[in-house]
Amino acid sequence: MSILSNPFFFAPAAGASGKQGIFAFGYSAAVTNISNLVSTEGVVATDTAGVGTSRQYIGACAYGGDKGIFGFGNPTTNISNLISSSGVISTDVAAVGTARMATMSCTYDTDKGIFAFGYTTGNVSMSNLVSNSGVVASDVTGVGTARSATGTATYGEDKGIFAFGYSGSPTNVSNLISNSGVIATDTTGVGTARQYSRGCTYDTDKGIIAYGYTGSNTAVSNLISNSGVVATDTAGVGTARRVTACTAYGVGTGIYGYGYGTGNFNGSNLVSDAGVISSDVTGVGTARYGLSACTFG
């Protein structure tokens, strides 16, 4: 089975607000560990040589107020890599928790993170908290529908949401994360059921989840209020694609980059502080998919 024909090989970062962003890892002609920095103005830089184990379908989030973490991924693993406050990716950190791919992550409580859901030999719902010093905790028993390839975002400045994903078919259920890192039971789905979407924070306290795969690629988006309510679909803007990545940058703004459309993609789409996605920006760096992104600095 080819990498592009296996439904579990399209995984979906999310993040808290921050001044700069970073895209890293993914799959181009093979798994990679290259990265691309995002400036405070949303400009994507050329490739930076990779650090850490090359992999795809990983999660990422900010922690500690100015740092980030990439974790899990395929080849199925539970290693992680910390990102310094200057955007430097560290070497691999010893594995913690159940090895899995297509798990996603977001920031909560302003300075901590959580990885949850994913795929091992089947969909799972366990989670792993990340401390404000970047330490990944052991597994917490899963809550909500076991699934993989979810979209995530931080909202309300200190809470998070996991939404959409694959549970045997695309779904639109969501699960809120409290400011103590507790995952709530399923909330009835809103919007187009899909997998491999991505999300980030905008306007400092709201979220957006966009793009994904319904059986075909889509560019549809859903805004998340500062109380965690998912809005109905907003018409898609930009190249329809899946397994893109998304991070906040600057103050109140975000960016989607890379993904798989009709092939590997390296364009980007900016998200305004009103949650409006822009048309495509010319691509920079290696076209790839299955990467992740977060803020730092």
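The structure displayed is predicted, hence computed values, not measured ones.

A. A look at the sheet that holds strand E1 (residues 20-27). The strand order across the open sheet formed by 3 strands is E2-E1-E18, and the pairing between neighbours is antiparallel. Edge positions in the sheet fall to strand E2 (31-38) and strand E18 (292-296), since each has one partner strand and no second. Taking each pair of neighbouring strands and ignoring which way they run, the sheet shows an average axis angle of 20°. Alignment of E1 against E2, held across 6 bridges, turns out to be antiparallel. Looking across to E2, one finds that Tyr 27 is bridged to Val 31.

B. How the structure looks around the confidence of the model for the protein. Scored by pLDDT, the protein comes out at a mean of 94, with 94% of its residues at no less than 70. Counting interchain partners and residues more than four positions distant, the pLDDT-below-50 stretch residues 1-18 has 83 contacts.

C. Layout of the pairing of E1. Counting buried positions along E1 yields 7 of 8 residues, so the element is predominantly enclosed. Bridge count for E1 against E18 is 5 bridges, and the pairing is antiparallel. Across the sheet, the residue bridging to Gly 21 is Thr 295, located in E18. Here E1 hands over to E2 after 3 residues, the two strands then running antiparallel side by side.

D. Main features of the packing of aromatic side chains. Taken as a whole, this structure holds 9 aromatic pairs when the rule is applied. Judged by centre distance (5.4 Å) and plane angle (80°), the rings of Tyr 260 and Tyr 289 are edge-to-face. Of this pair, Tyr 260 sits in strand E16 (residues 253-260) while Tyr 289 sits in the loop between strand E17 (264-271) and E18, and the two are 29 residues apart along the sequence. Since its relative accessible area comes to 14%, Tyr 260 is described here as buried.

Calculation notes
Residues numbered from 1 in each chain as written. Predicted model: local features only at pLDDT ≥ 70, side-chain atom pairs only at ≥ 80, totals over all residues. Heavy atoms only, no water. Pairing = 2+ DSSP bridges. Helix = DSSP H or I, 4+ residues; strand = E, 2+ residues; numbered from the N terminus. Axes fitted to C-alpha atoms, helices over the stretch in contact; angles between N-to-C directions. pLDDT = per-residue confidence, 0-100. Contact = heavy atoms within 4.5 Å. Buried < 20%, exposed > 50% of the residue type's maximum accessible area, 1.4 Å probe, protein only. Phe/Tyr/Trp six-rings, centres within 6.5 Å; stacked < 30°, edge-to-face > 60°.

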